[in-house]
Structures are given as C-alpha cells and as structure tokens.
Amino acid sequence: MSRIRAKNEAVIIRAASRVFAEHGYAATKTAAIAELAELPKPNIYYYFGSKEKLYRAVLESITEPLLAASAPFIEYQDPVQALTAYIKSKLMISRDYPDASKVFASEIMHGAPHLPADIIERLSEQTRTLTAKLNDWMAQDLMIAVDAHHLLFAIWSATQTYADFNWQITMALGKKELDEQDFDRAAQLITQLVIGGCAVKSLPVTTD
C-alpha cells in the first residue's frame, strides 16, 4: 500500500506542477489536476487534503532538490570540484523538475505569499552557508575577491533559466525540447565562465 500511495502522490505532484505552472495558484482547479493525473478528483483530497497542501508539496518537490544541490560545497574542499558539481546539480534540477521550477519562480516573483516560513529559513540558511564557503575560498586566495551573493545569483539565473525560460531556449535552438547534450554543453560553458571569470584555483597538492 505504501508503494501505491507513493506512486499516486508522485503522479499527482507531477500533474499539479504542470497545472500550477500553466495557470498559477489562484486559477488552478483540482479537477484539472485530477484529469491530468488520470485519477478521481477525491484522490487529490485523500492524499493531500487541500489545494493549499498540494501546492506546498509541489514547492517542496523543487526546494528539496535545490537544498540538496549545495552538497558539493560540503563534500569538496576544493573549489573547482565544488563549483563544477554544484553547477551540474543545478542544471539537473532544471532538467528533471521543469514545471516545479516554474511554480517556484512564479511564487518568488509574486513575493512568495504561499512559501512556508520553514522553507524560507532553510533556503536562507543555505545561502549563508554557500556565501561563507565562497568567502573562505577568497580568503585562502583560491579565487579572486567577488561579491559572493552576486556570484550565487549569477549561477542561479544561468542554471534555472533552462527550466523557467525553456520555451525561449528551445525556440532559439530551433528544437522542441532540450536533450542531454544541451545540458552538458550548458554545464561546460557555465562552469568555464565561473571558474575562469573568478580565477578559481584547485587546492595545492600536498605530499606526506
């Protein structure tokens, strides 16, 4: 039963992400979500209780990967490795959660009226952690002195645009959807710009 529940919840969240992205929170009807999910409308309320709780589930479906994306900053002490992996992780979120990313972006653009306080605090804490690590690398002369916040903003905008402005990108490329090669090229270029533009250095190799 738990597997069935998890499967149905995933289907509903995926459908809700698409409908919320296309119509916004206020205009979205649970009937439209149920139709897209190919499930009875009562199932929406059975699994999530209300449209508001389902909307939060959609936000969590994107904020959890966004929070997890900062793991390379903890895993790697080397800034080249950390930034390379971080940029790749952010692009994979745009690839894997395009609709939920649009919902999150719309929520932010409207002043985050429905974003729960606990999620806001976790995102804020993540930003504090990342900027502290960047500033530490600067202090070690492993990269040039830049504004850590604005460097993060640049990485966020460069990576999340592949989900939030997907239509514009596919139109410019003359294709219906992006493929793995597109995301690989994006990762390579964004990484090159960040590493090269900030003169990021690897940690010196030490010998015992």
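The sections below set out a description of the structure shown in this document. (Residues numbered from 1 in each chain as written. Predicted model: local features only at pLDDT ≥ 70, side-chain atom pairs only at ≥ 80, totals over all residues. Heavy atoms only, no water.)

So, the pattern of salt bridges
Under the defined criterion, the tally for this structure stands at 13 salt bridges. With a closest N to O distance of 2.9 Å, glutamate 9 and arginine 5 form a salt bridge. Residue glutamate 9 and its partner arginine 5 are located together in helix α1 (residues 2–27), separated by four residues, close to a single helical turn. Among the salt bridges present, the one from lysine 175 reaches aspartate 179, with a minimum N-O distance of 3.3 Å. (Salt bridge = Lys/Arg side-chain N within 4 Å of Asp/Glu carboxyl O. Helix = DSSP H or I, 4+ residues; strand = E, 2+ residues; numbered from the N terminus.)

With respect to helix α2 (residues 30–37)
Listing the buried residues of α2 in full gives Thr30, Ile33, Ala34 and Ala37. End-on, the buried residues of α2 take up no more than an arc of 100 degrees, which puts them together on one face. Against α1, α3 (41–48) and α4 (51–68) lie the buried residues of α2. Where α2 ends, the next residue or the one after it, glutamate 38, has phi of about 60 degrees, a positive value. (Buried < 20%, exposed > 50% of the residue type's maximum accessible area, 1.4 Å probe, protein only. Arc of directions from axis to C-beta. Contact = heavy atoms within 4.5 Å.)

Brief notes about the packing of aromatic side chains
Throughout the structure, instances matching the rule amount to eight aromatic pairs. On the numbers, 6.1 Å between centres and 15 degrees between planes, the contact of phenylalanine 20 with tyrosine 25 is stacked. Overall, the relative accessible area of 3% leaves phenylalanine 20 in the buried class. Both rings, one in phenylalanine 153 and one in tryptophan 156, keep their centres 5.6 Å apart while their planes meet at 50 degrees; by these two values the pair is tilted. (Phe/Tyr/Trp six-rings, centres within 6.5 Å; stacked < 30°, edge-to-face > 60°.)

Some words on the packing of α1 against α4
Here α1 crosses α4 at 105 degrees, and the two axes come no closer than 10 Å. As far as their axial angle goes, α4 and α1 are roughly perpendicular. Seen from α1, the contacting residues are Ile12, Ile13, Ala16, Ser17, Phe20, Tyr25 and Ala26; seen from α4, they are Lys51, Glu52, Leu54, Tyr55, Ala57, Val58 and Ser61. Residues of the contact of α1 with α4, tallied by class, amount to 10 nonpolar, two polar and two charged. (Axes fitted to C-alpha atoms, helices over the stretch in contact; angles between N-to-C directions. Parallel < 35°, antiparallel > 145°, perpendicular 65-115°, else oblique. Nonpolar A, V, L, I, M, F, W, Y, C, P; charged D, E, K, R; others polar.)

Digging into the side chain of threonine 30
In this structure, threonine 30 sits in helix α2. Beyond its immediate sequence surroundings of up to four residues, threonine 30 is in contact with Lys41, Ile44, Tyr45 and Lys51.

A word on the side chain of serine 17
Checked against the element boundaries, serine 17 lands in helix α1. Separated by 2.8 Å, the side chain of serine 17 and the backbone oxygen of isoleucine 13 make a polar contact. (Polar contact = N/O pair within 3.5 Å; in protein donor to acceptor, adjacent residues only side chain to side chain.)

Some words on helix α6 (residues 79–96)
Look at α6: 25 Å from first C-alpha to last across 18 residues, which is about the 26 Å you get at 1.5 Å a residue. Within α6, burial applies to Pro79, Ala82, Leu83, Tyr86, Ile87, Lys90, Leu91, Met92, Ile93 and Ser94. Where α6 is buried, its residues meet α4, α5 (71–75), α7 (98–109), α8 (117–139), α9 (148–164) and α11 (180–197). The distance from a side-chain oxygen at the start of α6 to the backbone nitrogen of valine 80 is 2.9 Å, and the residue carrying that oxygen is aspartate 78. (Expected span 1.5 Å × (residues − 1).)

Considerations on the nonpolar core
Nonpolar side chains tend to gather and get buried jointly when the protein is soluble and globular. The biggest cluster of nonpolar side chains holds 59 residues, and the ones touching the most others in it are Ile33, Leu54, Leu83, Leu91 and Leu134. Not counting chain neighbours up to four residues away, the residues in contact with leucine 91 comprise Thr159, Tyr162, Phe183, Ala186, Ala187 and Ile190. (Core = buried A, V, L, I, M, F, W, Y, C linked by side-chain atoms within 4.5 Å.)

Topic: unusual backbone geometry
Despite not being glycine, glutamate 38 shows a phi value in the positive range, around 60 degrees. Take glutamate 38: it is sitting in the loop between α2 and α3. Positive phi outside glycine occurs at aspartate 141, with the angle close to 60 degrees. Examined against the element boundaries, aspartate 141 turns out to sit in the loop between α8 and α9.

Just distances and angles here, no functional claims.
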